[in-house]
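Secondary and tertiary structure notes
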Amino acid sequence: MTIQEAKEICRQYHDINDLLEADKPRYEEALHLLINKTGKSSYMADLGAYYYKQHDDVFALLYYEKAAAAGNLCAIANLGHIWYYGTMGKRDFRKAFYYLDQARRMGDPVAAYMVADMYKYGFYGDPDYEKFTEIIVPLYAEMKYTADLNDPFPEVALRRSEIFLREGQRRRAWHLYRKACRFLAERLQNRPCSADRELMCSLIRNSYCLQEFDPTSFGLYDLYYVLQKPARVRFYFAGQEHRIVALPPLVRLDDQEFEDVYDFFREAMLDGEKLTSIYEELTDFTLLT
């Protein structure tokens, strides 16, 4: 295998974002060759990620650590996540802080708010809300105008809103919650995932702790709040009327039944499309008495 052939194999893998079982040994071989021939940390990080997906913890750590030692930001951040969440079976906040703080100083915004959380909750040392604030306030200022859905704007906004609340600025907190919801709705439209659905639920419910729900003006994601109690809701899609009935925890959309509101947001569909994918086309939500 030549270097060019190895690069092509890696390119195809990243384009497909997955491999058939029969292709995996060839991709692994290509990365080993590129590491040996070029010494680039990006290939070490890719090999670490490959072994991580294969649940080969020993080799995943080996290559992530090699890449991290060479200054690779992706590997440094991933090691921070591994030790923070204990994805290899054990949480180690000392190691998590070591890697996440490096990644934060290298400009990784996700690592930054994770380090802030570690200060806030005392995951590595005594709780220190002042350091939490010192990280989150400038971090929010850096990304408050971002349009990149990959940026962790909603995650940072949730934390900035908390600081506003501690300062007694309830109205600013409310508006920031709602801005974060709009941003997150776009992200969920493009790439839905459980973590973002959970975050949306938190943002919506937190916002209604600050301002009373208006039954004459609401949208799809406000149902995270509405469907906590028995409710009947009407809305329209493509000119057709649809109805939601909630008898918590059960939720029904027309003839579809869901075990709870979380299942509803995960699975509910109209005309073969997830509601989260067509949320902008859902109109005239009305709370029926």
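Scoring rules and cut-offs
- Residues numbered from 1 in each chain as written.
- Predicted model: local features only at pLDDT ≥ 70, side-chain atom pairs only at ≥ 80, totals over all residues.
- Heavy atoms only, no water.
- Core = buried A, V, L, I, M, F, W, Y, C linked by side-chain atoms within 4.5 Å.
- Buried < 20%, exposed > 50% of the residue type's maximum accessible area, 1.4 Å probe, protein only.
- Helix = DSSP H or I, 4+ residues; strand = E, 2+ residues; numbered from the N terminus.
- Contact = heavy atoms within 4.5 Å.
- Phe/Tyr/Trp six-rings, centres within 6.5 Å; stacked < 30°, edge-to-face > 60°.
- Lys NZ or Arg CZ within 6 Å of the ring centre and 35° of its normal.
- Pairing = 2+ DSSP bridges.
- Axes fitted to C-alpha atoms, helices over the stretch in contact; angles between N-to-C directions.
- Expected span 1.5 Å × (residues − 1).
- Parallel < 35°, antiparallel > 145°, perpendicular 65-115°, else oblique.
- Nonpolar A, V, L, I, M, F, W, Y, C, P; charged D, E, K, R; others polar.
- Salt bridge = Lys/Arg side-chain N within 4 Å of Asp/Glu carboxyl O.

Within the largest apolar cluster, 101 residues are counted, with the highest numbers of intra-cluster contacts made by Leu220, Tyr221, Leu223 and Phe264. With ten residues, helix H10 (residues 170-190) is the largest single contributor of residues to this core. Once residues within four sequence positions are removed from consideration, Tyr221 is found in contact with Ala185, Leu188, Met200, Ile204, Phe265, Thr276 and Tyr279.

This part takes up the packing of aromatic side chains. All told, the structure shown has 29 aromatic pairs when counted by the stated rule. With 5.5 Å between their ring centres and 75 degrees between their planes, Tyr208 and Phe213 make a pair best called edge-to-face. The pair formed by Tyr208 and Phe213 is uniform in burial state, with each residue classed as buried. An aromatic cluster of three or more residues is present, and its members are Trp174, Tyr208, Phe213, Phe218, Tyr225, Phe235 and Phe285. Over the face of the ring belonging to Trp83 we find Lys95, whose NZ or CZ atom lies 4.3 Å from the ring centre.

The antiparallel open sheet is built from five strands, whose spatial order is E4-E3-E2-E1-E7. Across the chains shown, the open sheet's two edge strands, defined by having one partner strand only, are strand E4 (256-258) and strand E7 (282-288). The average undirected angle you get between the axes of adjacent strands in this sheet is 20 degrees. Taken together, the three bridges between strand E3 (residues 250-253) and E4 define a ladder with antiparallel strand orientation. Looking across to E4, one finds that Val251 is bridged to Phe258.

Its place among the elements puts Tyr224 in helix H12 (residues 223-226). According to the relative accessible area criterion, Tyr224 is buried, its value standing at 2%. Spatially, the C-alpha atoms of Tyr224 and Val261 are 6.8 Å apart, while their sequence positions differ by 37 residues. When residues no more than four places from it in sequence are discounted, the contact partners of Tyr224 are Arg197, Met200, Cys201, Ile204, Arg205, Val261, Tyr262 and Phe265.

Another aspect to go through is the pairing of strand E2 (residues 240-247). As paired elements, strand E1 (residues 231-237) and E2 share seven bridges and run antiparallel to each other. Following the sheet pairing, Phe235 is matched in E2 by His242. As consecutive antiparallel partners, E1 and E2 are separated by two residues, and within that stretch Ala238 has a phi angle of approximately 55 degrees, a positive value. The pairing of E2 with E3 spans four bridges and is classified as antiparallel. By the bridge assignment for E3, Val245 is matched with Arg252. In textbook terms, the turn of a hairpin is the stretch between consecutive antiparallel strands, and for E2 and E3 this stretch comprises two residues.

In this model, helix H3 (residues 41-53) (13 residues) spans 18 Å end to end at C-alpha, consistent with the 18 Å of a helix rising 1.5 Å per residue. For H3, every residue scored as buried is listed here: Ser41, Tyr43, Met44, Ala45, Leu47, Gly48, Tyr50 and Tyr51. Two residues or fewer past H3, His55 is found with a positive phi of approximately 60 degrees.

Right, let's get into the packing of helix H9 (residues 153-166) against H10. Look at H9 against H10: their axes get within 9 Å of each other, and the N-to-C directions meet at 170 degrees. With respect to H10, the axis of H9 lies roughly antiparallel. Here Phe153, Pro154, Glu155, Ala157, Leu158, Arg160, Ser161, Phe164 and Leu165 of H9 lie close against H10, whose contacting residues are Arg170, Arg172, Ala173, Leu176, Tyr177, Lys179, Ala180, Phe183, Leu184 and Arg187. A class-by-class count of the residues in the contact of H9 with H10 yields twelve nonpolar, one polar and six charged.

A separate point is the pattern of salt bridges. Pairs can form between side chains of opposite charge once their charged atoms are near each other. One pass over the full model with this rule turns up twelve salt bridges. Note that Asp263 is salt-bridged to Arg266, the shortest N-O span being 3.0 Å. Within this pair, Asp263 and its partner Arg266 are both found in helix H13 (residues 261-267), separated by three residues, close to a single helical turn. The closest approach of N and O atoms between Glu267 and Arg266, which form a salt bridge, is 3.7 Å. Glu267 gets classed as partly exposed once you look at its relative accessible area, which sits at 36%. The class of Arg266 is partly exposed, set by a relative accessible area of 32%.

Covered by surrounding structure in E3 are Val251 and Leu253 only, the residues Leu250 and Arg252 on the alternate face being uncovered. Hairpin connection, E3 to E4: the antiparallel pair is bridged by two residues, and Asp254 has positive phi, about 50 degrees.

Everything listed here is a matter of coordinates, which is why it stays silent on function.
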